[in-house]
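Topology and contacts: notes
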Amino acid sequence: MTEQPRSISGDTRREVMSLLLKLGPVTASELGESLGLSAAGVRRHLDKLVDENYAETCEPRAVAGAGASRGRPAKHYQLTDDGRELFGSSYDSLAVEAVELIRQIGGPEAVRAFARGRIDKILAGVAEASDGDVEDTARRLAEVLDAHGYAASVTKAGAGIQICQHHCPVASVAAEHPELCEAEHEAISHLVGSHVQPLALIADGNGICTTNIPLAPINRAGALPERSGERD
């Protein structure tokens, strides 16, 4: 039996969320009728879901030909995007299939071009480092990556600094197509003006992506180490 995420554990809470997914917008009274509970009992669950940003109040669904109702309208509820995500999605598999199709149509170079274009858009606002500002550029890189869901930070490490990414929003795709990681490291290398060292990758099963940047700049064209399992 598949274990339910902790956030929707509990039979009643899970049933409330399932009905919000299927029926929303819906009132507490309507949920209570479906579940055999009082409206007040359902509202306690709804209030908690709203507090946790899994549900929200909203306008009732418009019904063609329905006139304006008298009196104060009852609150209607629906799931938020966060609430819907608890039920899972197939975005990861769709993304993997899309990149695989790019490979089939255009070969490995097409995937590399896609990967370069993607990271170039993410890092478009980061200027190349000039003499002495490699660390500042690395911190700007981390800020931009963090804004795009990578949970990135910068730490000092010996004679260099490290960009640490505690989350990878494309880890499933990168595990199948290492070109995404390679393009990211090439872009970072170009912007800091230094050879960089990928020390760990989430796509390889590690808990964090770590990229080491020496503070003494060297040739921008320095070769990057090949990632294990690189595909031709």
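Attention here is on the structure that accompanies the text. (Residues numbered from 1 in each chain as written. Predicted model: local features only at pLDDT ≥ 70, side-chain atom pairs only at ≥ 80, totals over all residues. Heavy atoms only, no water.)

Time to look at the overall build of the chain. Helix and strand counts for the chain stand at eight helices and seven strands. For the chain, with 232 residues in total, the buried portion stands at 37%. Put simply, 58% of the contacts in the chain that link residues at least 6 apart link residues at least 24 apart. As presented, the chain carries roughly 13600 Å² of accessible surface, and 49% of it is formed by carbon and sulfur atoms. (Helix = DSSP H or I, 4+ residues; strand = E, 2+ residues; numbered from the N terminus. Buried < 20%, exposed > 50% of the residue type's maximum accessible area, 1.4 Å probe, protein only. Contact = heavy atoms within 4.5 Å. Areas by Shrake-Rupley, 256 points an atom, 1.4 Å probe, with all protein chains shown as cover.)

Counting buried residues along strand β5 (residues 160–165), six of its six residues qualify, which places the element largely inside the surrounding structure. The side-chain alternation of β5 yields two buried faces, one formed by G160, Q162 and C164 and the other by I161, I163 and Q165. A loop of two residues connects strand β4 (residues 152–157) with β5, the two strands running antiparallel in sequence, and G158 in this loop sits at a positive phi of about 60°. (Pairing = 2+ DSSP bridges.)

What follows concerns the environment of P73. With respect to the secondary-structure elements, P73 resides in the loop between β2 (55–58) and β3 (76–79). The exposure class assigned to P73 is exposed, which follows from its relative accessible area of 59%. C-alpha separation for the pair P73 and P60, spaced 13 residues apart in sequence, amounts to 9.0 Å.

Side chains of E56, D81, D82 and E85 sit close together on the surface and give a patch of like negative charge. For the negative patch, the element with the most residues is helix α4 (residues 81–85), which contributes three residues. Looking at the element boundaries, E56 is found in strand β2. Judged by relative accessible area, E56 falls into the partly exposed class, the value being 32%. (Patch = residues over 30% accessible without salt bridge, like charges linked within 9 Å, V, L, I, M, F, W, Y side chains within 5 Å. Salt bridge = Lys/Arg side-chain N within 4 Å of Asp/Glu carboxyl O. Lys, Arg positive; Asp, Glu negative; His and termini not counted. Charge placed at Lys NZ, Arg CZ, Asp CG, Glu CD.)

A side chain with one charge can pair with a side chain of the opposite charge if their charged atoms come near. Inspection of the entire model under this criterion finds eight salt bridges. The salt bridge involving E179 is made with R103; its shortest N-O contact spans 2.4 Å. Residue E179 is found in helix α8 (residues 179–192), and its partner R103 is found in helix α5 (residues 91–122); the two are separated by 76 residues along the sequence. Assigned by exposure class, E179 and R103 land together as buried.

So, on to the nonpolar core. L123, L141, I163 and I213 are the most contacted members of the largest nonpolar core, which totals 36 residues. Where this core is concerned, the elements lending two or more residues are α5, α6 (134–150), β4, β5, α7 (171–176), α8 and β7 (209–214). If we ignore the near neighbours within four places in the chain, the residues touching L141 are L123, V126, I163, I188, L191 and V192. In this structure, L20, V26, L49 and Y77 belong to the second largest nonpolar core, which totals 15 residues. (Core = buried A, V, L, I, M, F, W, Y, C linked by side-chain atoms within 4.5 Å.)

Time to look at the side chain of N212. If you trace the backbone, N212 turns up in strand β7. With a relative accessible area of 10%, N212 lands in the buried category. Looking at N212, its side chain comes within polar contact range of the side chain of Q197, at 2.6 Å. (Polar contact = N/O pair within 3.5 Å; in protein donor to acceptor, adjacent residues only side chain to side chain.)

Inspection of the entire model under this criterion finds zero disulfides. Here C181 stays unpaired: no disulfide links it, and the sulfur of C209, its closest cysteine neighbor, is 6.0 Å away. For C181, a relative accessible area of 9% corresponds to the buried category. (Disulfide = S-S within 2.5 Å.)

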